[in-house]
Amino acid sequence: MSFSHGGDEVGSLVMDIGTLNTKAGFAGEDTPKAIFPSFVGTRNMQDKMQEDNNEVRYYVGHKQLASPKDNLQVESPFENGVISNWDHMERIIDHAYTARLGVKSCDHPILMTEVPYQPRQHREQMLSLLFDKFDAPAVFLAKNPVLSAFAHGKYTALVVDSGAYGTCVTPVHDGYALTRGIVRNQFAGFSLDTLTKQLLEKARKGESVHPLYRIQKTKGKPATILPQDSNIHPSYVDYSLRGVLHDAKEQLLKISDAPFDEQRNKSIPLQNYELLDGSLVDIGTDRFVVPERLFASDERHNNAQQQQQNDEMGEFMPHQNAVHMLAHESIMRCDADIRKDLYANLILTGGTTMIPGFAKRLENELQARAPMNIKVKPAISSAALPTEKKYSVWIGGSILASLGSFQQMWITKQEYQEQGAAIVHKKCP
Ligand SMILES: Nc1ncnc2c1ncn2[C@@H]1O[C@H](COP(=O)(O)OP(=O)(O)OP(=O)(O)O)[C@@H](O)[C@H]1O
Ligand SMILES: [Mg+2]
């Protein structure tokens with residue numbers, strides 16, 4: 001099947017809408033053409049003449065959200081890692097099509113990524129949104145971990161995705177995500193943002209960290225801090241603060257090869273760091289202590305919580321921070337005869353796995369819990385570019401959607417109209 005418009009063959013699109021960033025672009029390309037925040041700003045524009053006429057204005061994308069406006073409220077379409085606001089989701093998708101890719105949605109088949117624990121009803125809703133609202137000619141929903149595996153040329157792998165909202169481990173076997181082995185928590189980039197803020201405030205002797213919008217820079221001069229403005233909505237302050245915290249996270253955080261003992265490392269050299277507002281801090285052991293939480297297993301909580309939180313798809317372990325425990329648990333839920341292949345094909349994806357030391361530590365912890373004769377091996381070569389690791393979900397989608405053999409997999413508009421949204425469960429495993 002091929003799609004054409006005005007006689008020209010048209011390419012397919014790939015969108016990966018994460019809880020922090022949306023990655024969107026054309027299938028067959030190496031990297032997403034557009035990366036922008038998955039947040040929507042709203043503002044009531046009260047019409048002074050007609051008191052009851054409350055027009056809401058929407059703001060999406062880096063540029064529109066770059067400067068604060070009175071009562072501009074910034075919201076995420078996600079809650080607890082799943083879509084909760086479909087109106088906002090629609091605006092993000094529209095921004096990708098119109099403002100960033102500059103294409104008409106009716107002209108291009110679209111491969112949309114999804115978390116492996118997406119509720120059934122949400123899958124149907126996404127399909128309806130793309131067909132009914134955006135008039136897409138064909139749609140496919142593909143699971144993140146399967147795409148990450150494809151991006152690394154693998155059909156079988158243990159995929160550890162640690163992004164913004166949470167960490168999710170999925171065993172992929174012969175190109176399918178094994179539902180019973182999916183385990184996840186709610187500890188990743190957003191939690192580290194909060195801890196990094198505390199780390200910086202401690203280093204600044206209690207002085208709070210300024211959000212990006214208050215930092216005014218003129219070339220050759222020290223930055224000045226604009227006064228606080230009470231008309232700026234707290235959600236905008238949080239949004240703007242992330243810009244500052246992300247820089248700090250990327251420059252400072254480091255994960256040690258083995259459990260980090262703060263007492264024994266008291267004398268590690270201080271790291272000097274310049275915040276985006278130009279102020280300087282010295283950070284010691286906290287550089288390791290903060291991301292150590294990614295590997296902190298709290299055995300006391302685990303079993304009790306696990307019983308209650310069994311999701312529709314995948315098991316939610318809110319009190320299990322430790323990524324290696326999730327990975328271990330995931331493997332143990334799989335048949336014994338595929339475990340060896342999972343250990344030997346470890347794939348890390350998501351921004352939080354970019355913290356230096358993450359891969360080595362996970363390997364070490366997993367190896368320590370693996371059977372004697374089993375070797376834990378990363379499926380990613382150490383020469384892989386950071387973008388290949390960070391955006392492997394999108395890249396896998398780009399590869400899949402451009403394969404000749406994939407073209408028969410699309411759900412066409414006609415199939416959707418004839419069979420309804422439930423067709424997604426049949427055609428998109
Ligand atoms: N080099 C880095 N060091 C530390 N953290 C990083 C680095 N690069 C990105 N991150 C963090 O990774 C997170 C974003 O990762 P990613 O783009 O994979 O998330 P997402 O796909 O939007 O979210 P999710 O998959 O969780 O829904 C952010 O919290 C960001 O601060
Ligand atoms: Mg993601």
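Residues numbered from 1 in each chain as written. Chains lettered and ligands numbered in written order. Predicted model: local features only at pLDDT ≥ 70, side-chain atom pairs only at ≥ 80, totals over all residues.

A. Spatial organisation of the domain arrangement of the protein chain. Segmentation of the protein chain into domains returns domain 1 (4–144 + 394–427), domain 2 (162–187 + 296–389) and domain 3 (189–294). At the interface, 14 residues of domain 1 touch 16 residues of domain 2. A breakdown of the residues in the side of domain 1 that touches domain 2 according to their chemical character gives seven nonpolar, five polar and two charged. (Domains from an automatic or database assignment. Contact = placed C-beta atoms within 7 Å. Nonpolar A, V, L, I, M, F, W, Y, C, P; charged D, E, K, R; others polar.)

B. Quick peek at the site of ligand 1. Close to ligand 1 lie 19 residues; Gly-18, Thr-19, Gly-163, Gly-189 and Gly-351 are nearest. Sorting elements by how many residues they give to the shell around ligand 1 places helix 6 (residues 234–252) first, with three residues. Considered class by class, the residues forming the shell around ligand 1 number seven nonpolar, ten polar and two charged. (Near = placed C-beta within 6 Å. Helix = DSSP H or I, 4+ residues; strand = E, 2+ residues; numbered from the N terminus.)

C. Layout of the environment of Tyr-236. Here Tyr-236 lies in helix 6. Sequence separation between Tyr-236 and Tyr-213 is 23 residues; the distance between their C-alpha atoms is 9.4 Å. Beyond its immediate sequence surroundings of up to four residues, Tyr-236 is in contact with Pro-68, Leu-72 and Val-74.

D. Structural context of helix 6. Here helix 6 contains 19 residues, and its C-alpha end-to-end distance of 26 Å stays within 8% of the 27 Å for a straight helix at 1.5 Å per residue. The largest bend along helix 6 reaches roughly 25 degrees and is located at Gly-243. Turning to helix 6, its buried residues are Tyr-236, Tyr-239, Ser-240, Arg-242, Val-244, Leu-245, Ala-248, Lys-249 and Leu-252. Elements in contact with the buried residues of helix 6: helix 1 (62–66), strand 8 (73–75), helix 5 (189–203), strand 19 (271–274), strand 20 (280–283) and helix 7 (286–292). (Expected span 1.5 Å × (residues − 1). Bend = angle between axes of the 7 residues up to and from the residue. Buried ≥ 20, exposed ≤ 12 C-beta atoms within 10 Å, placed from the backbone.)

E. The arrangement of the sheet that holds strand 5 (residues 34–37) in detail. Taken in spatial order, the six strands make up an open sheet running 5-4-3-11-12-23, and their pairing is mixed. The outermost strands of the open sheet, each flanked by one partner alone, are strand 5 and strand 23 (411–412). Here strand 3 (residues 13–17) pairs with strand 4 (residues 21–26) via five bridges, running antiparallel. Its bridge partner lying in strand 4, Val-14 is registered against Gly-25. The sheet contacts of helix 3 (residues 120–133) involve strand 11 (110–114), strand 12 (138–143) and strand 23, and relative to strand 12 the element is tilted by about 150 degrees. Strand contacts of helix 13 (residues 392–402): strand 3, strand 4, strand 11 and strand 12, with the helix running at about 155 degrees to strand 3, the strand carrying the most contacts. (Pairing = 2+ DSSP bridges. Axes fitted to C-alpha atoms, helices over the stretch in contact; angles between N-to-C directions.)

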